[in-house]
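Letter by letter, the chains look like this.
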Amino acid sequence: NKYARWSDINPFTGERLCYIVNKIKWYLGAFRGPLPKYPGHDPLGSLFYIAVFVILISQFITGLTLAGIELHFEPWRGLFSGYGHAALEVIEDVVEEIHEFGFFFIVFFIFAHLGAIIVHEIKEKTGLLSSMVHGNKYMPKGE
């Protein structure tokens, strides 16, 4: 369906940005008032998905870089063959920090994702978890 497309993950449209602001206000208001609902992918969640895609790409690149420096894997080894020992240590330290940050972000994302699913299941009552399995999200009548 139209909500299962990559274009539905783009949170940078006027309607979706307005939804994001309202959803943040709802969270900051301690879940009081009417919950903003969206029929497709949650635009606030889409911001996290974009961040996760960027982090996963950086994990891939930094992991290969570390493998090239520490384990001498090709073709990444050749990129650093002209550097001295001191320069390689500095590069390795920087890349390792980026790689570790990515790991902790992914762990944070997993727990945030699970927490968001629980909040949606309890507060929204639209069957978010089951919609991830079969693809049908149930919206209350009139919405």
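Now for a look at the structure at hand. (Residues numbered from 1 in each chain as written. Predicted model: local features only at pLDDT ≥ 70, side-chain atom pairs only at ≥ 80, totals over all residues. Heavy atoms only, no water.)

1. Things to note about the overall build of the protein chain
When helices and strands are counted, the protein chain shows 5 helices and 0 strands. Mapped from its N terminus to its C terminus, the protein chain presents α and β elements in the order α-α-α-α-α. When each of the 143 residues of the protein chain is scored for burial, the buried share is 27%. At a minimum sequence separation of 6, the contacts of the protein chain that also span at least 24 residues come to 57%. Summed over all atoms, the accessible surface of the protein chain reaches about 9,600 Å², with 70% contributed by carbon and sulfur. (Helix = DSSP H or I, 4+ residues; strand = E, 2+ residues; numbered from the N terminus. Buried < 20%, exposed > 50% of the residue type's maximum accessible area, 1.4 Å probe, protein only. Contact = heavy atoms within 4.5 Å. Areas by Shrake-Rupley, 256 points an atom, 1.4 Å probe, with all protein chains shown as cover.)

2. Side note on the environment of Leu-129
Among the structural elements, Leu-129 can be located in helix α5 (residues 128–134). Sequence separation between Leu-129 and Ile-118 is 11 residues; the distance between their C-alpha atoms is 8.7 Å.

3. As for the environment of Leu-35
Along the polypeptide, Leu-35 turns up in the loop between α1 (14–28) and α2 (43–70). On a C-alpha basis, the gap between Leu-35 and Lys-23 in space is 7.4 Å, while along the polypeptide they are 12 residues apart.

4. What about the packing of aromatic side chains?
Aromatic ring pairs are reported here in terms of the distance separating the ring centres and the angle at which the planes meet. Counted according to the given criterion, the structure contains 6 aromatic pairs. Relative to Phe-108, the ring of Phe-48 lies with its centre 6.1 Å away and its plane at 45 degrees, an arrangement referred to as tilted. Taken together, the residues Phe-48 in helix α2 and Phe-108 in helix α4 (residues 85–124) connect sequence positions 60 residues apart. A residue is classified by how much of its surface remains accessible, and Phe-108, at 44% relative accessible area, is partly exposed. Three or more aromatic residues joined by ring pairs make a cluster, and in this case those are Phe-48, Tyr-49, Phe-101, Phe-105, Phe-108 and Phe-109. (Phe/Tyr/Trp six-rings, centres within 6.5 Å; stacked < 30°, edge-to-face > 60°.)

5. What to know about a nonpolar patch on the surface
A cluster of nonpolar side chains, namely Phe-12, Leu-17, Leu-47, Ile-50 and Val-54, defines an oily patch on the protein surface of about 430 Å² accessible area. Sort the elements by how many residues they give to the nonpolar patch and α2 lands first, with 3 residues. Within the fold, Ile-50 resides in helix α2. (Patch = residues over 30% accessible without salt bridge, like charges linked within 9 Å, V, L, I, M, F, W, Y side chains within 5 Å. Salt bridge = Lys/Arg side-chain N within 4 Å of Asp/Glu carboxyl O.)

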